[in-house]
Structures are given as structure tokens and as C-alpha cells.
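# Notes for the structure review
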Amino acid sequence: MNSQLKDSLAGTIFTKIICRGEVGSTNDLALSMLDGGEDGAIAVSADSQSSGRGRLGRSWYSPPSGNIYLSIMMRLDIPLRDASLFTLISGVAACTGIRKSTRCDVHIKWPNDIVFNEKKLGGILTETRVEGDLVTGIVTGIGINVNMLKAEFPEELQGIATSLLAETGESYDRREAAVAILKQFDVLFRDVFPQYRNNKIREIDLSGKEKLVYLWKSLDITLGKRISVKTPNETVNGMAVDIGPAGQLLVMSDSGEKISIHAGDVTVLNGYSA
Ligand code: BTN
């Protein structure tokens, strides 16, 4: 898998592609590479994870069933306020990469979920290393359930989580899907940060950033829905109306206030709660 992946990704921002059998967590492996001084952009993929991690301290069920467990490590220097651009880039890359390689009509659910037929297909976990108000390294982990059988999901995930195989009855080439995600990441990253050289980002390209937000909006199924968002400080009920320029969710609350939310867990009301 390693050399095939390497060939498919020649000419992209990725300087190393690491493929493993079972690991603890690809994010942990990528973070240890970052902390160990690795430079540039590195993709780490594994067949299974014994301690896969999700957002908010949850675990990520990661059996060896032909799923995607992928992390992208990047050493860079960017202001903390721009780190949310990576959530946007990873979400759009994961969603469009899956669409292009499998033709499955998957969507994004703000801020970090990939959904298919109203169930959770995958998720994204972005972790940063920060010095003062500068991000010096970023690891974006992407987990997508590709070829897992419906019966393989633990009971607590039945009805909430799904895989491409469980929804369509077809199995897919996990390698091809992972390559498609990484290629999309490369294109979107270079659109937004065209001057990325030697780990330094000099300027953000505003039209690249606008295009990214536009793409996100076209893929996000939260917009136009009644939602409940649990933020670190409060729970807001209302209508999801827009995505702001920094990737924040704009909600018209039931009390008539327009609220800008940067982090939280969304439940689509009268719908589903993937
Ligand atoms: C979530 O929806 O809670 C995020 C899930 C992220 C899972 C991926 S799998 C690859 C990478 N390694 C991990 O331990 N987690 C992420």
C-alpha cells in the first residue's frame, strides 16, 4: 500500500506517506512525529487502531474491516485564529474525496462529522500544538467507515453510525478513497495557502478561502435545519442559517438572537443526531 500511495501522491504537499497495520491511534503517531521534529506534511494511515480517539474524549471504534484511519501532520506557523481553516479544509476534503472515489452522496454535518443517509459515516479530529498565539503544528485525523458490515457495529452505535458498505451493499477500494481525500486536501490547502514553503505560511489567499467556505456550505446538511447546539458554555436552540468566514456556525436562536458558534456538538431537531 505504501509505495502505491506514494506514487499516487507524487507532486502533492505530502513529503512522506506512512502506512501501518495496527496502531494505537494514527493521531497519536502523527503527534509524536510532530513532537519528534518531523517537518513538512506527512500522511499516516493504518489498518486498525487499538485506541482510536474521537472528539470530546470519546473513543473511535477502529476494527480491521477495511475502513479509513488517516492522519495528516503539518508543521507550520499560523496565527491561532486561522486554525479553524484546517477544520474546513479537512471536512471538504473528506467529503469530496469520498464523493469522487465512491459516487456516494455523503455530506458534512458541522463541525466535524461526515454523514450518509442521516447516519454518521465518519469524523474528523483536529489537534494542534500551540506556542503563545501561534499554531506551530497541526494533526488532522480522519476516520471513515468504508467496508464495515452493519452487524459489526457495537450495539450502542447501531442506528447512529454507518458505513458505505452497510448503506449501499457494495464494498469500496479504501486505498483509492484515502488517496482521493489526500488529493483534495492538497488542492484545497494550496488554494488557501499558496505560499506555503519551508513550514511557513506567508499569506492566506482570500479567494481560496471564500471558495472553501462556499464548498463547505454546498456540502453541509446542518444549514436550514432546526438544531440544538451544545457549546462549552450553553445550549442554543434555533435555526442554522449560515457558515461565517472563519467556519463558525451562525444560528438564529429561538429568542431571535443571531449567535456565532465556534465549537459545539449539533443535534438536528426533528431529524437525527449523528
Ligand atoms: C469524531 O467524530 O469524534 C472524530 C473521529 C476521528 C477518528 C479518526 S480515525 C484516524 C484518527 N486517529 C484517531 O485516533 N482519531 C482520528
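What you see is a predicted model; the values in this text were computed from it and never measured. Residue positions are given per chain, counting from 1 as you read along its sequence in written order. Local features in this predicted model are restricted to residues of pLDDT 70 or higher, and side-chain atom pairs are both shown and tallied only at a pLDDT of 80 or more, whereas totals for entire chains, interfaces and linings draw on every residue. Note: side-chain values were computed over all heavy atoms of the structure, leaving out hydrogens and water.

Looking now at helix 6 (residues 206-219). Working definition: helices are DSSP H or I runs of at least four residues, strands are E runs of at least two. Numbering for both runs from the N terminus. By this rule the span expected of a helix is its residue count minus one, scaled by 1.5 Å. Between the first and last C-alpha of helix 6 there are 20 Å, a value that for 14 residues agrees with the 20 Å anticipated at 1.5 Å per step. Accessible area is worked out with a 1.4 Å probe on protein chains only. A residue is then buried under 20% of its type maximum, exposed over 50%, and partly exposed in between. For helix 6, every residue scored as buried is listed here: Gly208, Lys209, Leu212, Val213, Trp216 and Leu219. Take helix 6 and look down its axis: the buried residues cluster within an arc of 135°, on one side only. Looking at helix 6, the residues exposed on the side facing more than 90 degrees away from the buried face are Leu206, Ser207, Glu210 and Tyr214. Elements in contact with the buried residues of helix 6: helix 3 (84-102), strand 4 (107-109), helix 5 (174-192) and strand 9 (235-243). Along the arc lie the directions from the helix axis toward the C-beta atoms. Every residue pair with non-hydrogen atoms within 4.5 Å of one another is taken to be in contact.

What follows deals with the site of the ligand. Here a residue is considered near a molecule or strand provided that any single heavy atom belonging to it is located within 4 Å of it. Near the ligand there are 20 residues, and of these Ser25, Gln49, Arg53, Arg55 and Lys120 occur at the shortest range. N or O atoms closer than or at 3.5 Å make up a polar contact, with two conditions inside protein: a donor-capable atom paired with an acceptor-capable one, and, for residues adjacent in sequence, both atoms drawn from side chains. One of the backbone N or O atoms of Arg53 is found 2.7 Å from a nitrogen atom in the ligand. One nitrogen or oxygen atom from the side chain of Lys120 is found 2.6 Å from an oxygen atom belonging to the ligand. When the ligand is considered free in solution it has 420 Å² of accessible area, and contact with the protein chains removes 99% of it. Mapping the ligand onto the cavity grids shows that it belongs to the largest pocket. When residues of the shell around the ligand are assigned to their parent elements, the largest contribution, 4 residues, is made by strand 6 (residues 119-131). In these tables, accessible area is a Shrake-Rupley quantity obtained with a 1.4 Å probe, and a residue counts as shielded only by the protein chains included in the view. Site definitions follow a grid-based scheme: protein atoms alone, a 1 Å grid, a 1.4 Å probe that fits but cannot get out for cavities, and for pockets an open set with protein on both sides within 12 Å along at least five of seven lines, plus lining residues having an atom within 4 Å of a point. Grid points define the cavity or pocket, and a molecule sits in it when more than half of its atoms lie within 2 Å of them.

What follows covers the layout of surface pockets. Grid points are joined across faces, edges and corners, and a volume is the space filled by probe spheres set on the points. For the largest pocket, the calculated volume is near 740 Å³. As for the largest pocket, its lining consists of 38 residues, and the residues nearest its centre are Gly54, Arg58, Ser59, Trp60 and Lys120. Per-element tally for the lining of the largest pocket: the top contributor is strand 6, with 4 residues. Within the lining of the largest pocket, the residues separate by chemical class into 15 nonpolar, 15 polar and 8 charged. Considering only enclosed or pocket space, the second largest pocket measures out at about 480 Å³ in volume. Around the second largest pocket, the lining comprises 23 residues; the ones closest to its centre are Ala83, Ser84, Thr87, His262 and Ala263. For the lining of the second largest pocket, the secondary structure elements donating two or more residues are helix 3 and strand 6. The biggest single contributor to the lining of the second largest pocket is strand 6, with 5 residues. Nonpolar residues are Ala, Val, Leu, Ile, Met, Phe, Trp, Tyr, Cys and Pro. Charged residues are Asp, Glu, Lys and Arg, and all others, Gly as well, are polar.

Attention now goes to the sheet that holds strand 4. Only strands that DSSP links by at least two bridges are regarded as paired with each other. Read from one edge of the open sheet, 7 strands run 1-2-3-7-6-5-4, paired in mixed fashion. Taken across any chain shown, the strands that pair with only one partner, and hence form the sheet edges, are strand 1 (14-23) and strand 4. Averaged over all pairs of adjacent strands, the angle between their axes in this sheet comes to 20°, without regard to strand direction. Two strands pair when backbone bridges link them, and strand 3 (residues 68-79) and strand 7 (residues 134-144) are joined in this way by 10 bridges, in the antiparallel orientation. The residue of strand 7 that forms the bridge with Met73 is Val139. In this analysis, axes come from line fits to C-alpha atoms, helices being fitted only over the stretch in contact, and the angle between any two N-to-C directions falls in the range 0 to 180 degrees.

The subject of this paragraph is the side chain of Asn147. In this structure, Asn147 sits in the loop between strand 7 and helix 4 (164-168). Among the polar contacts made by the side chain of Asn147, one reaches the main-chain carbonyl oxygen of Gly66 at a distance of 3.3 Å. Excluding residues that lie within four positions of it along the chain, Asn147 makes contacts with Ser65, Gly66, Asn67, Glu152, Leu165, Glu170, Ser171 and Tyr172.

Reading across from one edge, 11-10-9-8-12 is the order of the 5 strands in this open sheet, with antiparallel pairing throughout. Unpaired on one side and paired on the other, strand 11 (258-261) and strand 12 (265-268) mark the two borders of the sheet. Direction aside, neighbouring strands of the sheet carry axes that sit 45° apart on average. In this sheet, strand 12 lies alongside strand 8 (residues 226-230) in antiparallel orientation, the contact comprising 4 bridges. Looking at strand 12, one finds that Lys230 is bridged to Asp265.

A separate point is the side chain of Ser62. Secondary-structure assignment places Ser62 in the loop between strand 2 (41-49) and strand 3. Within polar-contact distance, the side chain of Ser62 engages the side chain of Gln49 at 3.0 Å. A polar contact is formed between the side chain of Ser62 and the backbone oxygen of Trp60, at a distance of 2.7 Å. Contact partners of Ser62, with chain neighbours within four places excluded, come to Ser48, Gln49, Gly52 and Tyr69.

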